[in-house]
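# An overview of the molecular structure
Listed below are the residues making up each chain.
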Amino acid sequence: MASYIIAHDLGTSGNKVTAFDEKGELVASYTQVYPTNFFNSNWAEQDPDSWWKAICTCTKKICEKINPQDIAAISFSGQMQGCLCVDKQGIPLYPHIMYCDQRAEKETKTLIKELGFEYIYNLTGQRPSSTYSIEKLMWMKNTRPDIYKKTFKVLNAKDYIIFKLTGVFITEPNDASGTNAMDIKNSCWSEDMIRATGVDKTLLPDIHHSTDIVGYITKNAASITGLIEGTPVVAGAGDGGCATIGACSISEGNIYTNIGSSAWTSATTNKPIQDPEMKLFTFAHPIEGLFHPCGTMQSAGSSFKWYVDTILKRFSTIEDFDIYSTLEQSTQELPVGSNGLLFLPYLMGERTPWWDPLAKGALIGIRMETSADDIAHAIYEGIAMNLNYTHEIFQNYKPVNRCIVTGGGARMSTLLQILASVTGLSLEIPKHLEASTSMGAAVIGGVGCGLYPSFEIIRDMNPIDTVIEPDPDRYIIYKKLQRIFENAYMHNKDIFSEIHTI
């Protein structure tokens, strides 16, 4: 009897394959990295052949651990908001343009002029931006017309691999909603967006449900990967959607925050949140009929890493782990406000809440007696207060008193205690902090092929391990400090912009 789900997480830096059994237990995993080409200041591309090689290597490795005959289905998570043009045979015509690539600024302005910023936001759930797929495709049409004319389909990463395995061209609502071309309420390609962009609608693949079995392993793919011909392949979802499932955010009101180098806060809702200030953006949820609105910050864990790498390491020979653990201990008892120090965590500009690419990081209030611990504590507070803006928007939509926290940042106990006291929420820390994306893809695959009865299995796969409660006294003080934090950004906004021109 087939009893394993194979989940591929086709990420930014590599592919991670995992095998889960019928009980949802992780039984094997393997990772293969691949390169990214960064150039022209804000361009970023990958060779899709490197994905396929990673998929083949990872699949062969996992099949050394389990019998391919016992695989019930293959499922996927993948990097989102990309643009890969392929011909009728599925052969890539140009490198994959990644989500972080911002070459399509001119096309974004054209799209806004055609339909209006607010109309696009309400229609697609996303702010028009050069980071999205449809703007990248517009760029392809405008600047690489020879490539555009040969294009048969435009795919995201996981959808290309699904083609390589099955021979079918498809996508699903979660990835489709990250193209800036999908009608978020009706889960279909928007005629208005297609008309405004001027691209050919037939280039966009058919949209299937995330749990649909969309094809089967072909004879050729089986010979290359070691899989069994005819093994079902489930559509899966983008990495954001899979992470949402893995964080147990599977029903109305479930909120989670993921803290890594960047960070985001997302909720599961029954309808899109159309934020009047357009600070949030909304994706279709992998569970049919649901949505996961999201707010994200650019520099969370990376702010702290900057401090350690740039400042502390210059004056210390202590190993990385010891620096982090030492700061964890030495900052626990510091007061709210870090002895009069404030940190703005905008080292790479900021998305939610300011959507200001020119914002800069800042330490405000430095005095002769300011210590290294004060700075570390201020960075924790800056990250927490910036994340709190998204929490406040969600609280206005549907009040909650609990939030799950995932990602590597969930190992930072001082940061978590500050975040709990800033938000006033009980923070639930699951057992598996950095496997949520793979777990989400596996659950989608398991539900799709019938191995798992429902999405509820994720609660057993990733149970809550620890709960951190807010300090009510600190919560009151943080309410006051939050206003000072906001004023610090507002009063420096023009200065940040002027600095950029020097």
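Sequence order as written defines the numbering, with residues in each chain counted from 1. The model is predicted, so local features are restricted to residues of pLDDT at least 70 and side-chain atom pairs to those at 80 or more, both for listing and for counting; the totals for chains, interfaces and linings are taken over all residues. To obtain the side-chain values, all non-hydrogen atoms of the structure were used and water was disregarded.

### Details of the overall build of the protein chain
Note the following rule: The way it works is that DSSP assigns letters per residue, a run of H or I at least four long becomes a helix, a run of E at least two long becomes a strand, and they are numbered from the N terminus. Within these notes, the globule rule equals 2.2 Å times the number of residues to the 0.38 power, and the radius of gyration is based on C-alpha atoms. Any residue under 20% of the maximum accessible area for its type is buried, any over 50% is exposed, and the rest in between are partly exposed; the area is computed with a 1.4 Å probe on protein chains only. In this analysis, two residues are considered to be in contact whenever any of their non-hydrogen atoms come within 4.5 Å of each other. Computed with the Shrake-Rupley method and a 1.4 Å probe, the accessible areas treat only the protein chains shown as cover for residues. Here the positive residues are Lys and Arg and the negative ones are Asp and Glu; neither His nor the chain ends is included. Every charge is mapped onto a representative atom, which is NZ of Lys, CZ of Arg, CG of Asp or CD of Glu.
Tallying secondary structure elements over the protein chain gives 17 helices and 25 strands in all. Rg of the C-alpha trace for the protein chain: 23 Å, near the compact-globule value of 23 Å for 502 residues, within the 12% margin. When the backbone C-alpha atoms are referred to their principal axes, the protein chain occupies close to 70 × 50 × 45 Å. The buried share among the 502 residues of the protein chain stands at 57%. Considering only contacts in the protein chain between residues 6 or more positions apart, those separated by 24 or more positions represent 72%. Accessible surface computed for the protein chain: about 20,500 Å², of which carbon and sulfur atoms make up 52%. Distance between charge centroids for the protein chain: 5 Å, based on 42 positive and 56 negative side chains.

### Re the pairing of strand S3 (residues 26–33)
Defined as follows: Note: two strands are recorded as paired if DSSP finds a minimum of 2 bridges between them.
Two elements, strand S2 (residues 14–21) and S3, share seven bridges in a ladder whose sense is antiparallel. Each bridged residue has a counterpart across the sheet, and for Val 17 the counterpart in S3 is Tyr 30. A loop of four residues connects S2 with S3, the two strands running antiparallel in sequence, and Gly 24 in this loop sits at a positive phi of about 90 degrees.

### Things to note about a nonpolar patch on the surface
Operational definition: A patch consists of residues whose relative accessible area exceeds 30% and which take part in no salt bridge; residues with like charges are grouped when within 9 Å of each other, and nonpolar side chains (Val, Leu, Ile, Met, Phe, Trp, Tyr) when within 5 Å. A carboxyl oxygen of Asp or Glu within 4 Å of a side-chain nitrogen of Lys or Arg is what we treat as a salt bridge.
Judged by side-chain polarity, Trp 306, Ile 311, Leu 347 and Met 348 come together as a nonpolar surface patch covering roughly 350 Å² of accessible area. Examined against the element boundaries, Leu 347 turns out to sit in the loop between strand S21 (342–344) and strand S22 (362–364).

### Notes on unusual backbone geometry
Comment: phi is negative for the bulk of residues other than glycine, and the bulk of peptide bonds are trans. A cis geometry characterises the amide bond from Thr 352 onward to Pro 353, with omega recorded as 5 degrees. Locating Pro 353 in the fold gives a position in the loop between S21 and S22. Of note, Ser 41 is a non-glycine position whose phi angle comes to about 75 degrees, a positive value. If you trace the backbone, Ser 41 turns up in the loop between strand S4 (37–39) and strand S5 (43–46). Taking relative accessible area as the criterion, Ser 41 reaches 81% and is therefore assigned exposed.

### With respect to the sheet that holds strand S17 (residues 255–259)
Test applied: Geometry is summarised by axes, namely lines fitted to C-alpha atoms with helices restricted to the contacting stretch, and by angles between N-to-C directions that run from 0 to 180 degrees.
Strand order across the open sheet formed by seven strands is S19-S20-S18-S17-S23-S24-S25, with mixed pairing between neighbours. Looking at the sheet topology across the chains shown, the edges are occupied by strand S19 (281–284) and strand S25 (464–468). Ignoring strand direction, the axes of neighbouring strands in this sheet form an average angle of 30 degrees. In this structure, S17 lies alongside strand S23 (residues 402–406), joined through three bridges in parallel fashion.

### Remarks on helix H4 (residues 133–143)
Judged by how many residues are buried, H4 sits mostly within the fold: eight of 11 residues are covered. Listed as buried for H4 are Ser 133, Ile 134, Glu 135, Lys 136, Leu 137, Met 138, Trp 139 and Met 140.

### Let's talk about the nonpolar core
The condition is simple: Here, nonpolar core means buried Ala, Val, Leu, Ile, Met, Phe, Trp, Tyr and Cys residues that are tied together by side-chain atoms lying within 4.5 Å of each other.
If you look at the biggest cluster of nonpolar residues, it comprises 58 residues, and the most contacted ones within it are Ile 259, Phe 304, Leu 327, Leu 427 and Ile 429. Contacts of Leu 327, omitting those with residues within four sequence positions, involve Phe 304, Tyr 307, Val 308, Leu 312, Asp 373 and Ala 376. Membership of the second largest hydrophobic core comes to 36 residues, among which are Val 17, Ala 28, Cys 56 and Leu 155.

### Thoughts on the environment of Ile 364
Tracing the backbone shows Ile 364 in strand S22. For Ile 364, a relative accessible area of 32% puts it in the partly exposed group. Note: C-alpha distance between Ile 364 and Ser 325 (39 residues apart in sequence) is 25 Å.

### Section: the packing of aromatic side chains
The condition that has to hold: For Phe, Tyr and Trp, rings pair up if their centres lie within 6.5 Å, where Trp contributes its six-membered ring, and each pair is then called stacked (planes under 30 degrees apart), edge-to-face (over 60) or tilted (otherwise).
What the rule picks out here adds up to 14 aromatic pairs. On the numbers, 5.5 Å between centres and 65 degrees between planes, the contact of Phe 152 with Phe 169 is edge-to-face. With Phe 152 in the loop between helix H5 (145–150) and strand S9 (153–155) and Phe 169 in the loop between helix H6 (157–166) and strand S10 (170–171), this pair connects stretches of sequence that are 17 residues apart. By relative accessible area, Phe 152 is classed as partly exposed at 30%. Ring geometry for Trp 354 and Tyr 389: centres 5.2 Å apart, planes at 65 degrees, overall edge-to-face. Within this pair, whereas Trp 354 is found in the loop between S21 and S22, its partner Tyr 389 is found in helix H13 (residues 372–397), the two being separated by 35 residues in sequence.

### Remarks on the pattern of salt bridges
Scanning all chains against the criterion turns up 15 salt bridges. The closest approach of N and O atoms between Asp 49 and Lys 53, which form a salt bridge, is 3.3 Å. Separated by four residues within a single helix, Asp 49 and Lys 53 lie in helix H1 (residues 48–63), roughly one turn from each other. Residue Asp 49 is classed as partly exposed on the basis of its relative accessible area of 31%. Since its relative accessible area comes to 54%, Lys 53 is described here as exposed. The salt bridge involving Asp 192 is made with Arg 195; its shortest N-O contact spans 2.9 Å. Residue Asp 192 and its partner Arg 195 are both found in helix H8 (residues 191–197); the two are separated by three residues, about one turn of the helix.

### A closer look at the side chain of Asn 388
The condition is simple: Whenever a nitrogen or oxygen atom comes within 3.5 Å of another N or O atom, the pair is scored as a polar contact, on the condition that within protein one atom can donate a hydrogen and the other can accept it, and that pairs from neighbouring residues in sequence are kept only if both atoms are in side chains.
Tracing the sequence through the fold places Asn 388 in helix H13. Of the residues examined, Asn 388 reaches a relative accessible area of 4% and is grouped as buried. Polar contacts involving the side chain of Asn 388 include one to the side chain of Gln 482, which spans 3.1 Å. Excluding residues within four positions of it along the chain, Asn 388 makes contact with Val 422, Thr 423 and Gln 482.

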